[in-house]
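# Structural overview
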Amino acid sequence: MTAIRTILLASVALTMSTAAFAQDVNVLRIGLDGGENESDQLRRSECVVDSLKAATGVAEVQFFPSPDYNGVIQGLLGGTIDIAIMGASSYASIYLSDPEAVDPILTTKQQDGSTGYVSIMVARADSGITDLASTKGKKLGFADPDSTSGFLVPNVSLPTDLGMPIADFYSETGFGGGHENLVLGVLDGTWDVGTTFGSGQGEWSEGYTTGNLRIMVDKGLLDMDDLVEVWQSPIIPNGPLMVSNNLSDEMKEKVKAYFVGLPAADFDCFDSFTGGGYVDFAPADQQFYQTIIDARKSVIGG
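Residues numbered from 1 in each chain as written. Predicted model: local features only at pLDDT ≥ 70, side-chain atom pairs only at ≥ 80, totals over all residues. Heavy atoms only, no water.

On to the overall build of the chain. Summing up its helical and strand segments, the chain has 13 helices and 12 strands in all. Across its three principal directions, the C-alpha atoms of the chain cover 55 × 35 × 35 Å. The burial tally for the chain puts 51% of its 302 residues in the buried class. Considering only residue pairs separated by 6 or more positions, the chain has 74% of its internal contacts joining residues 24 or more positions apart. Of the roughly 12500 Å² that the chain leaves accessible, carbon and sulfur atoms contribute 50%. (Helix = DSSP H or I, 4+ residues; strand = E, 2+ residues; numbered from the N terminus. Buried < 20%, exposed > 50% of the residue type's maximum accessible area, 1.4 Å probe, protein only. Contact = heavy atoms within 4.5 Å. Areas by Shrake-Rupley, 256 points an atom, 1.4 Å probe, with all protein chains shown as cover.)

Residue position: Asn 212 is located in helix H10 (residues 212-218). For Asn 212, a relative accessible area of 3% translates into the label buried. Within the local environment of Asn 212, its side chain forms a polar contact with the backbone oxygen of His 179, the two atoms lying 3.3 Å apart. Within the structure, Asn 212 has its side chain in polar contact with the side chain of Thr 196 (distance 3.0 Å). What Asn 212 contacts, discounting residues up to four positions off in sequence, is His 179, Glu 180, Val 183, Thr 196 and Phe 197. (Polar contact = N/O pair within 3.5 Å; in protein donor to acceptor, adjacent residues only side chain to side chain.)

With that settled, consider the packing of aromatic side chains. Throughout the structure, instances matching the rule amount to 14 aromatic pairs. Judged by centre distance (5.7 Å) and plane angle (80°), the ring pair of Tyr 117 and Phe 197 falls under edge-to-face. With Tyr 117 in strand E5 (residues 116-124) and Phe 197 in strand E8 (residues 193-198), this pair connects stretches of sequence that are 80 residues apart. When the ring of Phe 270 is compared with that of Phe 281, the centres are 5.0 Å apart and the planes differ by 80°; the resulting orientation is edge-to-face. Note that Phe 270 is positioned in helix H12 (residues 267-273) and Phe 281 in strand E12 (residues 280-283), a separation of 11 residues in sequence. (Phe/Tyr/Trp six-rings, centres within 6.5 Å; stacked < 30°, edge-to-face > 60°.)

This brings us to the side chain of Thr 148. Inspection of the secondary structure assignment puts Thr 148 in helix H7 (residues 148-162). What makes Thr 148 buried here is its relative accessible area of 2%. Looking at Thr 148, its side chain comes within polar contact range of the main-chain nitrogen of Ser 89, at 2.6 Å.

The next thing to look at is the packing of helix H5 (residues 69-78) against helix H6 (residues 88-97). At their nearest, the axes of H5 and H6 sit 10 Å apart, and the two run at 40° to each other. With respect to the hand of their crossing, H5 and H6 are arranged in right-handed fashion. Mapping the contact onto sequence places Tyr 69, Ile 73, Leu 76 and Leu 77 in H5 and Ser 90, Ser 93, Ile 94 and Ser 97 in H6. Across the contact of H5 with H6, the residue classes break down as five nonpolar, three polar and no charged. (Axes fitted to C-alpha atoms, helices over the stretch in contact; angles between N-to-C directions. Left-handed = near helix turned anticlockwise from the far one by under 90°. Nonpolar A, V, L, I, M, F, W, Y, C, P; charged D, E, K, R; others polar.)

This next bit is on helix H4 (residues 48-56). By the burial criterion, the buried members of H4 are Val 48, Val 49, Leu 52 and Thr 56. For H4, the arc enclosing every buried residue in end-on projection is 95°, short of the 170-degree limit, so these residues lie on one face. Opposite the buried face of H4, by more than 90 degrees, sit the exposed residues Asp 50 and Ala 54. Tucked into the core, H4 has its buried residues touching strand E1 (27-32), helix H3 (38-45), strand E2 (60-65), strand E3 (83-85), helix H11 (249-265) and H12. (Arc of directions from axis to C-beta.)

The next subject is H6. Of all the 10 residues making up H6, seven are buried; the element is thus mostly covered by neighbouring parts of the structure. Contacts from the buried residues of H6 go to H5, strand E4 (102-109), H7, strand E10 (236-237), strand E11 (240-244) and helix H13 (290-299).

Rendered as structure tokens:
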């Protein structure tokens, strides 16, 4: 099946009832959250189709691209999406709406064994902005309201580092439409500074080892010499691979076993599906994300 036909089928399926989906055990639906452009997300993810079908016995694996995080969140809550890998704040949003909707089963692991990353504030290298203090009075762009690194964690950590509320420090704040678009917006002057994410490990010139900056560098969209880093957050837990509890226990186990085995079975596919730079999956559960759940409830309310 062509990617175009798959997308069309997914779009039609999104209009169908949740009850109809609950009866359909022949299709697994994977949500893509809009953190980067749709065609690149589809290209990175398509390698799992044949092997996931073989591992689970389903007839089809379909992708559900969304222009933003909330589209996938609502799909997981409504039962129209079965699987997604997203940031911790997106999981927290789902958990706070319905604790039984999904299970976080796995997260990604870096070379050093760590399972965390950081929010990174960037500015144009020629902007004259060199540190957090010099961002005062500037326009600050966030990636997405449901992004952990692009919104939630900066709203928790920045006021302490700034010594005042974000709204009092910056002249304007807003959203850039996902991490990739946010960084492009900083480069084109829409935002003076913006929040995105990376491992914080490895070389700045390469966009670190993992994260949005590294993905953009690898795609040829970004030269790190054009940016300067002005702030890093505390460590954030890597986002979960989630499965819907609309799936049977047997199907959830098959899905989990497939992804647990993916790094060894086809590392290139694992690397592509997870965005690159990780070495393996690690176990994850609700407790791993409790601090983010608490932070989201405090800052956003759900």
